[in-house]
Amino acid sequence: MAAGSGGGGVETTPTWIVALVCSAIIFISMLVERILHNLGKRWKKNNRKALHESLLKVKEELMLLGFISLMLALFQGAASSICIPESATKYMLPCKAADPNPPKQMHYQIDLSASNFMGNKRHLLAAAAGTDTCASKMRQWKRWEESITSEDSVKGSEFTSVQQHAFIKEHSVGHLVILSWLTSFLKQFYPGVTKSDYITLRLGFIQKHCQGNPKFNFHKYMVRTLEVDFKKVVGISWSLWIFVVIFLLLNVNGWNMYFWIAFIPLLLLLVVGTKLEHVITQLARDVVNKHTAIEGDLIVQLSDDHFWFHKPRLVLHIIHFILFQNAFEIAFFFWSLMGSSFRRAMFHEHVQESLVGWAQKAKKHKEAKLNTIRLGEGSTSPAIMRSAPNNEG
């Protein structure tokens, strides 16, 4: 588009620009598609069935989001031309409009919803990025698993005091419930699972589910479980779509919904972290309440009763919501920040002043150039007009 032009369609755009832009979009799309395809082939070849299904889920979500974006682009004009009572356009506005124009307001809402879908796309990447941090922890647990299985499985049967075990020392906080929850809240800010935690939980799992296999590879089991759960986390469920619609409905000027909604993932993250730490504390407390001394290794009794409503799966749903809303907020933030053009607040004050001064000088220079051209045309036109009658005569 030429400088100073107010707009234009494809019919006014040079064909080489159209071809160049389309080529770039097609190249990037095909590159991403090939990367995903080769990644899926690699996972399938390595028998990573859960990860391969997760990738297929990502493709389904991207196809759905692309279809929704296409529908928005096709029906944006039709939706903005729907006639509604003028009084209905004065309530629940997302921002203060300079002039009351219902079609423009409807157009704003559609653009905003498009930003939400952009946030959903980023949610898929955010979920994948979260697994990188988890993978580093898993590698450490793998080393612990190898060191445990390499040791002699036959250990002494001597009795030891419960308080001598590292797991009990780290998680024994007395019988005060308030102190227990407060300690669990603070512990989530420190490095997560320790080696004593891993060993104790591993033994508890083997005792409950596979007593006949003391060499059970607990680490591989967690990897497989993580892959299965990852397939659920990368998806966008109907409840998350409802959340998007509710946010669009309540994003009213003066309510500061974007400010308040930013606290939801933070609070949920703190609640989940505290709960998981408290579950481990409860396991340690159960051992202390039942035994003063134990024979052999310390074994905890795993139970779903320690979780909310006796459903550990609820924690996974909350983590899924946290990832989704985090991606949603970041996408919405950049959409509000940028819009269709840069805001002055993007730059420091002195940079703003320099840019404004540069723009004013450029504007004055352009106006002076146009005035010079007009004056030149004005000085020659009278001579031409005077010579015209003489030529006729």
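See the structure shown above.
Residues numbered from 1 in each chain as written. Predicted model: local features only at pLDDT ≥ 70, side-chain atom pairs only at ≥ 80, totals over all residues. Heavy atoms only, no water.

Let us now look at the overall build of the protein chain. Looking only at helices and strands, the protein chain has 12 helices and two strands in total. Helices (α) and strands (β) of the protein chain occur, in sequence order from the N terminus, as α-α-α-β-α-α-α-α-α-α-α-β-α-α. Contacts in the protein chain between residues far apart in sequence, at least 24 positions, make up 79% of those at least 6 positions apart. (Helix = DSSP H or I, 4+ residues; strand = E, 2+ residues; numbered from the N terminus. Contact = heavy atoms within 4.5 Å.)

It is worth spelling out the pattern of salt bridges at this point. Applying the stated criterion to the full structure yields five salt bridges. For Arg34, the salt bridge goes to Glu33, with nearest N and O atoms at 3.0 Å. Look at Arg34 and you get partly exposed, because its relative accessible area is 41%. As a salt-bridge pair, Arg48 and Glu227 come within 2.3 Å of each other at their nearest N and O atoms. Here Arg48, found in the loop between α1 (15-45) and α2 (49-80), pairs with Glu227, found in helix α7 (residues 218-233); they are 179 residues apart in sequence, far enough to count as distant. Residue class for Glu227 comes out buried when judged on its relative accessible area of 10%. (Salt bridge = Lys/Arg side-chain N within 4 Å of Asp/Glu carboxyl O. Buried < 20%, exposed > 50% of the residue type's maximum accessible area, 1.4 Å probe, protein only.)

Between its first and last C-alpha atoms helix α8 (residues 238-250) spans 19 Å; for 13 residues at 1.5 Å apiece the expected length is 18 Å, and the two agree. What α8 keeps buried is the set Leu240, Trp241, Phe243, Val244 and Phe247. Buried residues of α8, seen end-on, are gathered within an arc of 155° and therefore sit on one face of the element. Summarising the geometry of α8, the exposed residues directed more than 90 degrees from the buried face are Trp238, Val245 and Leu249. (Expected span 1.5 Å × (residues − 1). Arc of directions from axis to C-beta.)

This part covers the packing of aromatic side chains. Throughout the structure, instances matching the rule amount to 14 aromatic pairs. Measuring from centroid to centroid gives 5.3 Å for Phe205 and Phe218, while their planes differ by 50°, and the two rings are tilted. Of this pair, Phe205 sits in helix α6 (residues 195-209) while Phe218 sits in helix α7; the two residues are 13 residues apart in sequence, bridging distant segments of the chain. Phe218 matches Phe205 in its accessibility class, with the two residues each being buried. Measuring from centroid to centroid gives 4.5 Å for Phe205 and Tyr221, while their planes differ by 35°, and the two rings are tilted. Placement of the pair is Phe205 in helix α6 and Tyr221 in helix α7, with a sequence separation of 16 residues. (Phe/Tyr/Trp six-rings, centres within 6.5 Å; stacked < 30°, edge-to-face > 60°.)

The next subject is the packing of helix α5 (residues 177-187) against helix α10 (residues 263-290). At a minimum axis separation of 8 Å, α5 and α10 run at an interaxial angle of 120°. As summarised for this structure, α5 and α10 are arranged oblique, according to the angle between their axes. Like other packed secondary-structure pairs, α5 and α10 cross with a definite hand, here right-handed. Of α10, the residues touching α5 (which contributes Ser180, Trp181, Ser184, Phe185 and Lys187) are Leu270, Thr274, Lys275, Glu277, His278, Thr281 and Arg285. The residue inventory of the contact of α5 with α10, partitioned by class, reads three nonpolar, five polar and four charged. (Axes fitted to C-alpha atoms, helices over the stretch in contact; angles between N-to-C directions. Parallel < 35°, antiparallel > 145°, perpendicular 65-115°, else oblique. Left-handed = near helix turned anticlockwise from the far one by under 90°. Nonpolar A, V, L, I, M, F, W, Y, C, P; charged D, E, K, R; others polar.)

Moving on, we get to the environment of Leu36. Its location among the elements puts Leu36 in helix α1. Taking C-alpha positions, Leu36 is 9.2 Å from Leu56, a pair spaced 20 residues apart along the chain. Aside from chain neighbours lying at most four places away, what touches Leu36 is Leu55 and Lys59.

Attention now moves to the side chain of Asp197. Note that Asp197 resides in helix α6. Buried charge without a salt bridge: Asp197, with Lys187 as the nearest opposite-charge side chain at an N-O distance of 7.3 Å. Here Asp197 is in contact with Phe167, Glu170, His171, Gly192 and Ile280, once residues within four sequence places are set aside. (Lys, Arg positive; Asp, Glu negative; His and termini not counted.)

For the rest of this paragraph, the subject is unusual backbone geometry. Unlike most non-glycine residues, Asn47 shows phi in positive territory, near 60°. With respect to the helices and strands, the residue Asn47 is situated in the loop between α1 and α2. The class for Asn47 is exposed, based on a relative accessible area of 66%. Of note in this structure, His310 is not a glycine but carries a positive phi near 60°. Position of His310 among the secondary structure elements: in the loop between β2 (293-295) and α11 (313-338). Given a relative accessible area of 49%, His310 falls into the partly exposed group.

Let's shift gears to the packing of α1 against α2. Packing of α1 against α2 brings their axes to within 8 Å, and their N-to-C directions diverge by 155°. As summarised for this structure, α1 and α2 are arranged roughly antiparallel, according to the angle between their axes. Note on packing geometry: the crossing formed by α1 with α2 is left-handed. Contacts from Leu36, His37, Leu39, Gly40, Trp43 and Lys44 of α1 reach α2 at Leu51, His52, Leu55 and Lys59. Its residues placed into classes, the contact of α1 with α2 shows five nonpolar, three polar and two charged.

This part covers the environment of Ile264. Mapped onto the elements of the fold, Ile264 is located in helix α10. Spatially, the C-alpha atoms of Ile264 and Ile322 are 8.1 Å apart, while their sequence positions differ by 58 residues. Not counting the four nearest positions on each side in its chain, Ile264 is found in contact with Phe321 and Gln325.

Attention now goes to the side chain of His219. Residue placement: His219 occurs in helix α7. According to the relative accessible area criterion, His219 is buried, its value standing at 10%. With residues up to four places along the chain from it excluded, the contact list for His219 reads Met138, Trp141, Lys142, Glu145 and Tyr198.

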